[in-house]
Amino acid sequence: TYFVDIGTIYNPLAIVTVGLPFLFDSNPDIRYHILINIGIIILAGFCFYKLSTSFLKKKEWNHLLTGFFVLLLLYNDGRYVILEPLSVVFQLVALIFYLNYLKTHAISRLFVVGICISLAFLSKQFGLFIAIPIGLSMLMNKRALLIQIVVTAFGCIIPLIIFYFSIHNSTFTIADF
């Protein structure tokens, strides 16, 4: 099966998330995996809507763009489960919290941004690319630059440490998912 044949050292968080039904049944129905994936896509749509409301003031445009965004995410997901939507959720949440940080300058927002960047990376490697625009914005902002970098990096490291310790100290392997 899809989840058993991927035996890499790098275990994407998205595979683990979509593979959760295997913890309850050795041969779960594919509908459970697709339901999890569609739930993640709906969450991504909600995050996109939240992000779009900070840029666009007309509700109609926000609804239209969010609808197109969800349709694009669902394009391949009618019959297939793909890993990208979970990474997209974490990237959008990172952007939401970073934009909130720019308004409030609450340093705790940057810690959450770091956690979301790390979870986006753990979901799919390309999730790390969200760090580029956020990092460039930090460099251009220059307001407490060192503190911004340290707090965001600390937020990035925490999920990585937890994930790799839990994988190495548990009895589960990628074959279990």
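Shown above is the structure to which this text applies.
Some remarks on the overall build of the chain
Step number 1: Per the secondary structure count, the chain includes eight helices and zero strands.
Step number 2: The order of helices and strands in the chain, counted from the N terminus, is α-α-α-α-α-α-α-α.
Step number 3: Out of the 177 residues in the chain, the part that is buried amounts to 37%.
Step number 4: A sequence separation of at least 24 residues applies to 69% of the contacts in the chain between residues at least 6 apart.
Step number 5: About 10,500 Å² of surface is accessible on the chain, with carbon and sulfur atoms providing 73% of the total.

Focus on the nonpolar core
Within soluble globular proteins, side chains that are nonpolar generally end up buried alongside one another.
Step number 1: Among the nonpolar cores identified, the biggest contains 34 residues, and Leu13, Tyr98, Ile117 and Ile134 are the most heavily contacted of them.
Step number 2: Only α2 (13-18), α3 (30-53), α4 (59-74), α5 (84-104), α6 (107-123), α7 (131-141) and α8 (145-169) provide two or more residues apiece to this core.
Step number 3: Among the elements that line this core, the one with the most residues is α5, at ten residues.
Step number 4: Here Ile134 is in contact with Ala94, Leu95, Tyr98, Val113 and Ile117, once residues within four sequence places are set aside.

A few points about the pattern of salt bridges
Step number 1: For the structure shown, the criterion picks out two salt bridges.
Step number 2: Across the pair Lys124 and Glu84 runs a salt bridge, and its minimum N-O distance is 3.9 Å. Of this pair, Lys124 sits in the loop between α6 and α7 while Glu84 sits in helix α5, placing them 40 residues apart in sequence.
Step number 3: With a relative accessible area of 28%, Glu84 lands in the partly exposed category.

Quick word on unusual backbone geometry
Step number 1: Of note in this structure, His105 is not a glycine but carries a positive phi near 60°.
Step number 2: Position of His105 relative to the elements: it lies in the loop between α5 and α6.

Focus on the environment of Ile82
Step number 1: Here Ile82 lies in the loop between α4 and α5.
Step number 2: Of the residues examined, Ile82 reaches a relative accessible area of 25% and is grouped as partly exposed.
Step number 3: Separated by 48 residues in sequence, Ile82 and Ile34 have C-alpha atoms that sit 9.2 Å apart.

Observations concerning the layout of surface pockets
Step number 1: Its boundaries defined by the atoms lining it, the largest pocket holds a volume of some 170 Å³.
Step number 2: Residue lining of the largest pocket: Lys50, Leu51, Thr53, Ser54, Ile96, Phe97, Leu99, Asn100, Lys103 and Arg109, and that is the complete set.
Step number 3: Taken together, the elements giving at least two residues each to the lining of the largest pocket come down to α3 and α5.
Step number 4: Broken down by element, the residue count for the lining of the largest pocket peaks at five residues, all from α5.
Step number 5: In terms of residue class, the lining of the largest pocket is made up of four nonpolar, three polar and three charged.

Overview of a nonpolar patch on the surface
Step number 1: A cluster of nonpolar side chains, namely Phe55, Leu56, Trp61, Leu64, Leu65, Phe68 and Leu71, defines an oily patch on the protein surface of about 700 Å² accessible area.
Step number 2: Residue class for Leu65 comes out partly exposed when judged on its relative accessible area of 31%.

Focus on the packing of α5 against α6
Step number 1: Running from N to C, α5 and α6 cross one another at 165°; their axes reach a closest spacing of 8 Å. Classed by the angle they form, the pair α5 and α6 counts as roughly antiparallel. The crossing of α5 and α6 is left-handed. Here α5 contributes Leu86, Ser87, Phe90, Gln91, Val93, Ala94, Phe97, Tyr98, Asn100, Tyr101 and Thr104 to the contact with α6, which in turn contributes Ile107, Arg109, Leu110, Val112, Val113, Cys116, Ile117, Leu119, Ala120 and Ser123.
Step number 2: Here the contact of α5 with α6 is composed, by residue class, of 15 nonpolar, five polar and one charged.

Calculation rules
Residues numbered from 1 in each chain as written. Predicted model: local features only at pLDDT ≥ 70, side-chain atom pairs only at ≥ 80, totals over all residues. Heavy atoms only, no water. Helix = DSSP H or I, 4+ residues; strand = E, 2+ residues; numbered from the N terminus. Buried < 20%, exposed > 50% of the residue type's maximum accessible area, 1.4 Å probe, protein only. Contact = heavy atoms within 4.5 Å. Areas by Shrake-Rupley, 256 points an atom, 1.4 Å probe, with all protein chains shown as cover. Core = buried A, V, L, I, M, F, W, Y, C linked by side-chain atoms within 4.5 Å. Salt bridge = Lys/Arg side-chain N within 4 Å of Asp/Glu carboxyl O. 1 Å grid on protein atoms, 1.4 Å probe; cavity = no way out; pocket = protein on both sides within 12 Å on 5 of 7 lines; lining within 4 Å. Points joined across faces, edges and corners; volume = space filled by probe spheres on them. Nonpolar A, V, L, I, M, F, W, Y, C, P; charged D, E, K, R; others polar. Patch = residues over 30% accessible without salt bridge, like charges linked within 9 Å, V, L, I, M, F, W, Y side chains within 5 Å. Axes fitted to C-alpha atoms, helices over the stretch in contact; angles between N-to-C directions. Parallel < 35°, antiparallel > 145°, perpendicular 65-115°, else oblique. Left-handed = near helix turned anticlockwise from the far one by under 90°.

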